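# Report on the structure
Letter by letter, the chains look like this.
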Amino acid sequence: MADACENAVLTHLSQSPDAVISDTFPWSEENGFDHGAVVGCIKSLEVDGYVAAESLSTSFYTLSDEAEGILANGISQEIAVFNAIVAAGSISEADLIAAVGKDVAKIGMGKCMQNKWIQKEKETKSLVPAVAAGDVKDEIVEQLQALREGKFAEDAISSEVSKALKKRKLINLTIRKSMKVARGPSYAPVRKRKAADLTKEMLETGAWQTTEFKPYNFQAFGEKVGGGYLHPLLKVRAEFRKILLEMGFAEMPTNKWVESSFWNFDSLFQPQSHPARDAHDTFFIKEPASTVSVPEEYYERVKTMHEVGGSGSIGYRYDFKREEAFKNLLRTHTTAVSSQMLYKLANQEGGFKPARYFSIDRVFRNETMDATHLCEFHQVEGLVADYDLSLGDLIGTIETFFKKIGITKLRFKPAFNPYTEPSMEIFGYHPDLKKWTEIGNSGMFRPEMLAPMELPENVRVIAWGLSLERPTMIKYRIKNIRELFGHKVDMGRTRTAPVCRFDSQA
Ligand code: PHE
């Protein structure tokens, strides 16, 4: 196609040195080419000097469907209406509509009234002619015909007529861009393509010596490199991870999404009747429905703590059920991993040593989804286990972490968690939103949770958890969580999202 078009243009110009294509638009039609393709091929010929092109811009009228209809019928609506009234002498509106049709009657009657060609009799409400038939002529048809004869050119009708026809939405002025083409400085009737690449064959045959090469285009953009891109959540995660590693935290292994109720709830001193353990809040696993094993001695101590208490606690006083503890689920929080790490820490060779752990990974909750809630999200979890820690240490650690992500104004509100006492919700002041928003939950793990693990008695564990999504949405100004996570995510955004960097205040 491109070659056929190129040949046709060059052949046209071969007729004489002064040959021109005066307008590519009709020329394309006459020669059966798509105009867009012709323009493309002329631009390409122009670059190599084969042709010289000038841009043209032609204004012409186009007809609306209504105008096409008037021209095809050879009669305007007002004349059709007037003729029907003259023929009848006097006619009711309903009969007129029956005679000429609703659309014609509506427009035609309006125009006839405007022109004072007809009037309505006061008593009978019938329509009667108000002028002699000879005094009326079909100007609209005449004007549209004149336009057609003038090939729809801008000067085919006067500007007044054009205004009136436009107002009646019968015509429209359209501008067409095309080209005038003449021979260029390097015109030849056949295009010789310059080689873009030096090939092995050219070297072997010696053809390279006579081949004309395209000059290098140093302005051309290189091809975009399609590498991998980090999702905004992962960018924020990378930044959080860096901050926590800097603060001396080690990452917990969170690569197991399925946990037993024992680790997710029981080890955290969450009673088996707790509402969060309901299937409405937790996704239980059908296959395999229960876990294979838990550390038995520890299990017994957890059971005892739930049933009768210990370490100064009276426990929950109910029958602790093994089937309940063994039920598999999708972890509802990464605190399920924290409890396993603490258990290991207490039972490792050489005994307990102070530690700081963190994790950032996915958790699952059986929630109704909306703009701010999904069934799965990511939690940033942190804990410090050391001798004689206090609530002050917890507040201090949290303040240090948040300072590093640029949140300096914090408030703590007393809260309740089955596994921490005291517990505090963390609120941060968001300078853009100008309000306090909940950004996390925290507390000191209860003795009822730590004692069965057999951590030394004066070891305290401070811990906190927050969602990864919330700070990410704030950082990237995303209003709906579904635009951040899930199947509605715009891949383009993933490619263009800037790197995440928090303005560290510390
Ligand atoms: N597990 C809590 C949650 O899912 C967060 C938390 C972690 C609270 C550690 C206190 C201590 O919201």
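Look up: the structure comes first, before these words.
Given the structure is predicted, the values throughout are model-derived calculations rather than measurements.

## Describing the overall build of the protein
Check the secondary structure of the protein and you find 19 helices and 14 strands. Counting only residues that meet the buried cut, the protein has 30% of its 506 residues in that class.

## Points about the sheet that holds strand 12 (residues 420-430)
Strands sit in the order 6-9-10-14-13-12-11 across an open sheet of seven strands; the sheet is mixed. Across the chains shown, the open sheet's two edge strands, defined by having one partner strand only, are strand 6 (250-251) and strand 11 (410-417). In the sheet, strand 9 (residues 355-364) pairs with strand 10 (residues 376-387) via 10 bridges, with the strands oriented antiparallel. Within strand 10, the position partnered with Arg 362 by the bridge is His 378. Packed onto the sheet, helix 15 (residues 335-347) meets strand 9, strand 10 and strand 14 (459-467) and runs at close to 25° relative to strand 10.

## Observations concerning the site of the ligand
Neighbouring residues of the ligand: His 333, Thr 335, Glu 381, Asn 417, Thr 420, Asn 441, Ser 442, Gly 443, Ala 463, Trp 464 and Gly 465. Listed by contribution, the elements that provide at least two residues to the shell around the ligand are strand 13 (435-445) and strand 14. In terms of residue class, the shell around the ligand is made up of two nonpolar, eight polar and one charged.

## Quick look at the pairing of strand 5 (residues 171-183)
Direction of pairing for strand 1 (residues 20-21) relative to strand 5: antiparallel, over a ladder of two bridges. Residue pairing for strand 5: Val 20 is matched across the bridge by Ala 182. Two elements, strand 2 (residues 51-63) and strand 5, share 13 bridges in a ladder whose sense is antiparallel. The residue of strand 5 that forms the bridge with Ala 52 is Ala 182.

## Concerning the packing of helix 4 (residues 65-73) against helix 8 (residues 139-149)
Between two packed helices, what matters for the description is the angle formed by their axes and the separation of those axes. Viewed as axis vectors pointing N to C, helix 4 and helix 8 meet at an angle of 100°, and their least axial separation amounts to 10 Å. The pairing of helix 4 with helix 8 is recorded here as roughly perpendicular in orientation. Only Ile 140, Val 141, Leu 144 and Arg 148 of helix 8 make contact with helix 4, whose side of the interface consists of Ala 67, Ile 70 and Leu 71. When its residues are assigned to classes, the contact of helix 4 with helix 8 shows six nonpolar, no polar and one charged.

## A short note on unusual backbone geometry
Negative phi characterises most residues that are not glycine, and trans characterises most peptide bonds. In this model, Glu 287 is joined to Pro 288 through a cis peptide bond whose omega is 0°. Mapped onto the fold, Pro 288 is located in the loop between helix 12 (261-264) and helix 13 (296-307). Residue Phe 269 is not a glycine yet carries a positive backbone phi of 55°. Mapping Phe 269 onto the fold places it in the loop between helix 12 and helix 13. Residue Phe 269 is classed as buried on the basis of its C-beta count, with 27 C-beta atoms lying within 10 Å. One non-glycine residue, Arg 317, lies in positive phi territory at about 60°. Inspection of the secondary structure assignment puts Arg 317 in the loop between helix 13 and helix 14 (322-326).

## Observations concerning the nonpolar core
Leu 342, Leu 383, Phe 445, Leu 450, Val 461 and Ile 462 are the most contacted members of the largest nonpolar core, which totals 49 residues. In this structure, Leu 383 is in contact with Ser 338, Tyr 357, Val 461, Ile 462 and Ala 463, ignoring residues within four places of it in sequence.

Conventions and cut-offs
- Along every chain, residues carry numbers that run from 1 in the direction the sequence is written.
- Local features in this predicted model are restricted to residues whose pLDDT is 70 or higher, and side-chain atom pairs enter the listing and the counts only when it is 80 or higher, whereas totals over whole chains, interfaces and linings include all residues.
- Only runs of H or I of at least four residues qualify as helices and only runs of E of at least two qualify as strands under DSSP, and these elements are numbered from the N terminus.
- Partly exposed residues are those whose C-beta has more than 12 but fewer than 20 other C-beta atoms within 10 Å; with 20 or more the residue is buried, with 12 or fewer it is exposed, and the C-beta atoms are placed from the backbone.
- Note: two strands are recorded as paired if DSSP finds a minimum of 2 bridges between them.
- Contact between two residues is assigned when their C-beta atoms, built from the backbone, lie within 7 Å.
- All axes are obtained by fitting lines to C-alpha atoms, using only the stretch in contact for helices, and the reported angles, taken between N-to-C directions, cover 0 to 180 degrees.
- Any residue whose C-beta atom, as set from the backbone, lies within 6 Å of a molecule or strand is reported as near that molecule or strand.
- Charged means Asp, Glu, Lys or Arg here, nonpolar means Ala, Val, Leu, Ile, Met, Phe, Trp, Tyr, Cys or Pro, and polar covers whatever is left, Gly included.
- What sets the label is the angle itself: under 35 degrees gives roughly parallel, over 145 gives roughly antiparallel, 65 to 115 gives roughly perpendicular, and the rest give oblique.
- Think of a nonpolar core as buried Ala, Val, Leu, Ile, Met, Phe, Trp, Tyr and Cys residues, each tied to the set through C-beta atoms within 7 Å.

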